[in-house]
Amino acid sequence: MNVQPVLVTGVGGGVGGVGRAVLERLHAKGVPVRALVHHDDGRASALRAMSGVEVVVGDLTRGADVVEALADCRRAYFGMSVSPVYLEAATTVAAAARAGGRLELLVSISQMTVSQMDLTSDTESHQQRLHWLAEHVLDWSGVPVVHVRPTVFMENPLFARVAVASILRDSTIRLPFGSARTSPVAAADVAEAIASLLLDPAPTSGRVYELTGARSRDMATIAAEFSTALGRAVTYVDVPYEEWLEHDLKTQDLPPHVFEHIATMARLHGENRYDRATNDVAELLGRPPLGFDSLIRNTPALQS
């Protein structure tokens with residue numbers, strides 16, 4: 001492994017805090033890390049307090065900021081929160097990495113939905129289309145890139161906010177999935193997989209890793225998993241999609257772009273588009289993927 005710093009973006013937030021978790025795993029291995037943060041706030045100050053972590057404040061859509069962040073780096077992780085400027089950021093990173101000509105590996109987080117899409121696809125969210133385009137831009141750039149495509153995160157608002165809210169209210173999971181199956185993946189598994197790729201002494205670019213939970217199952221089965229972990233009965237309630245949008249998702253006060261993305265994910269779940277399972281997590285990490293008990297352990301409201 002080279003002594004040059006590894007650039008990690010998206011360390012300030014996002015579903016499951018994948019960027020921050022990647023940074024922490026690299027730091028634990030004694031790897032120097034450069035963290036690109038968008039805001040110089042308390043989170044940035046906490047990073048500066050970590051020995052071996054360099055903090056750069058910048059914007060992923062500003063070429064000068066990205067060039068500065070990539071300077072002297074041979075490896076980098078690109079990820080950012082759901083955003084209308086996602087494609088602009090990915091394109092800026094691709095252009096800066098190509099111009100620099102020093103990267104030997106760029107690990108980019110995407111979405112597993114991309115594997116079902118083509119240029120004529122029109123049923124996905126705007127964010128999912130941005131991911132599809134971003135993958136193509138990164139590939140066209142010629143930068144040595146590895147795409148990591150998680151399926152839906154356990155920490156996605158569908159589960160960590162909407163489902164948790166109904167569990168706390170009346171021990172139900174209210175989602176419009178019908179009998180469709182899904183295989184949510186833990187953000188911790190995704191971060192560990194990305195870190196393992198960045199630490200690989202002989203990385204192979206051009207790979208795509210599709211990360212899922214251990215198995216695909218319906219929501220009644222997932223409700224039973226919550227029941228076992230919580231020690232009390234939790235039942236799945238299949239809610240009509242439009243009713244769910246009005247009474248469950250709109251109460252989460254999400255920004256319009258994020259709302260449209262989450263609403264689309266729920267609709268695609270109902271169409272059984274998330275009935276997928278791979279062995280990529282186990283192959284990368286040498287252990288089975290985490291289950292929903294990990295989400296419960298990290299959700300204090302469910303502990304009472």
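Here is a short report on the structure shown in this document. (Residues numbered from 1 in each chain as written. Predicted model: local features only at pLDDT ≥ 70, side-chain atom pairs only at ≥ 80, totals over all residues. Heavy atoms only, no water.)

### Some words on the environment of Ala-202
Selection rule: Helix and strand labels come from DSSP, where a helix needs a run of H or I of at least four residues and a strand needs a run of E of at least two; each type is numbered from the N terminus. Only protein chains enter the area calculation, which uses a 1.4 Å probe; residues under 20% of their type maximum are buried, those over 50% are exposed, and those in between are partly exposed.
Of note, Ala-202 is situated in the loop between helix 7 (187-199) and strand 9 (208-211). Ala-202 gets classed as exposed once you look at its relative accessible area, which sits at 54%.

### Quick notes on unusual backbone geometry
Even without being a glycine, Asp-72 presents a positive backbone phi close to 70°. Among the residues examined, Asp-72 registers a relative accessible area of 45% and is labelled partly exposed.

### As for the packing of helix 4 (residues 86-100) against helix 5 (residues 126-141)
The axes of two packed helices give the description: the angle between them and the distance between them. Worth spelling out the cut-off: Every axis corresponds to a line fitted to the C-alpha atoms, with the helix fit spanning only the stretch in contact, and the corresponding angles, defined between N-to-C directions, vary from 0 to 180 degrees. Here the angle decides the label: under 35 degrees means roughly parallel, over 145 means roughly antiparallel, 65 to 115 means roughly perpendicular, and every other value means oblique. Residue contacts are counted whenever heavy atoms from the two residues lie within 4.5 Å of one another. Gly is put with the polar residues, along with every residue not named as nonpolar or charged; the nonpolar set is Ala, Val, Leu, Ile, Met, Phe, Trp, Tyr, Cys and Pro, and the charged set is Asp, Glu, Lys and Arg.
At a closest axis distance of 9 Å, the pairing of helix 4 and helix 5 adopts a crossing angle of 10°. When the axis of helix 4 is compared with that of helix 5, the two are roughly parallel. The residues of helix 5 that touch helix 4, namely those facing Tyr-86, Leu-87, Ala-90, Thr-91, Ala-94 and Arg-98, are Gln-127, Leu-130, His-131, Leu-133, Ala-134, Val-137, Leu-138, Trp-140 and Ser-141. Of the residues assigned to the contact of helix 4 with helix 5, the class counts are 10 nonpolar, 4 polar and 1 charged.

### Quick look at the pairing of strand 5 (residues 105-109)
The condition that has to hold: We treat two strands as partners when DSSP finds at least two bridges between them. Assignment of crossover handedness uses the view with strands pointing away from the viewer, where a clockwise path from the first strand over the helix to the second indicates a right-handed crossover.
Of all 5 residues in strand 5, 5 are buried, a share of seventy percent or more. With burial as the criterion, each face of strand 5 is covered, one bearing Leu-105, Val-107 and Ile-109 and the other bearing Leu-106 and Ser-108. Where strand 4 (residues 75-78) and strand 5 come together, 4 bridges link them in parallel fashion. Residue pairing in the sheet places Arg-75 in a bridge with Leu-105 of strand 5. Regarding topology, helix 4 serves as the crossover connection from strand 4 to the parallel strand 5, and that connection is right-handed. Sheet topology note: the strand 5/strand 6 (residues 145-150) ladder contains 4 bridges and is parallel. Across the sheet, residue Val-107 finds its bridge partner in strand 6, namely Val-146. On the question of chirality, the crossover connecting strand 5 to the parallel strand 6 by way of helix 5 is right-handed.

### Structural notes on the packing of aromatic side chains
How we decide: Classification of ring pairs rests on two measures: the distance between centres of Phe, Tyr or Trp rings, Trp counted by its six-membered ring, which must be within 6.5 Å, and the angle between planes, read as stacked under 30 degrees, edge-to-face over 60 and tilted in between. A ring has a charge above it when a Lys NZ or an Arg CZ is no more than 6 Å from the ring centre and no more than 35 degrees off the ring normal.
For the structure shown, the criterion picks out 5 aromatic pairs. Centroid distance Phe-159 to Phe-177: 6.4 Å. Interplanar angle 80°. Geometry classified as edge-to-face. A residue pair is termed long-range when its members are at least 10 positions apart, and Phe-159 in helix 6 (residues 157-170) and Phe-177 in the loop between strand 7 (172-175) and strand 8 (181-182) qualify at 18 residues. Since its relative accessible area comes to 1%, Phe-159 is described here as buried. The buried category is assigned to Phe-177, whose relative accessible area is 1%. Over the aromatic face of Tyr-274 sits the side chain of Arg-276, whose NZ or CZ is 5.2 Å from the ring centroid.

### Let's talk about the environment of Leu-105
Following the sequence through the fold, Leu-105 ends up in strand 5. For Leu-105, a relative accessible area of 1% puts it in the buried group. Expressed as a C-alpha distance, the spacing of Leu-105 and Tyr-236, which sit 131 residues apart in the sequence, is 43 Å. Each residue touching Leu-105, except ones within four places of it in the same chain, is listed here: Arg-74, Arg-75, Ala-76, Pro-144, Val-146, Leu-197, Leu-198 and Pro-203.

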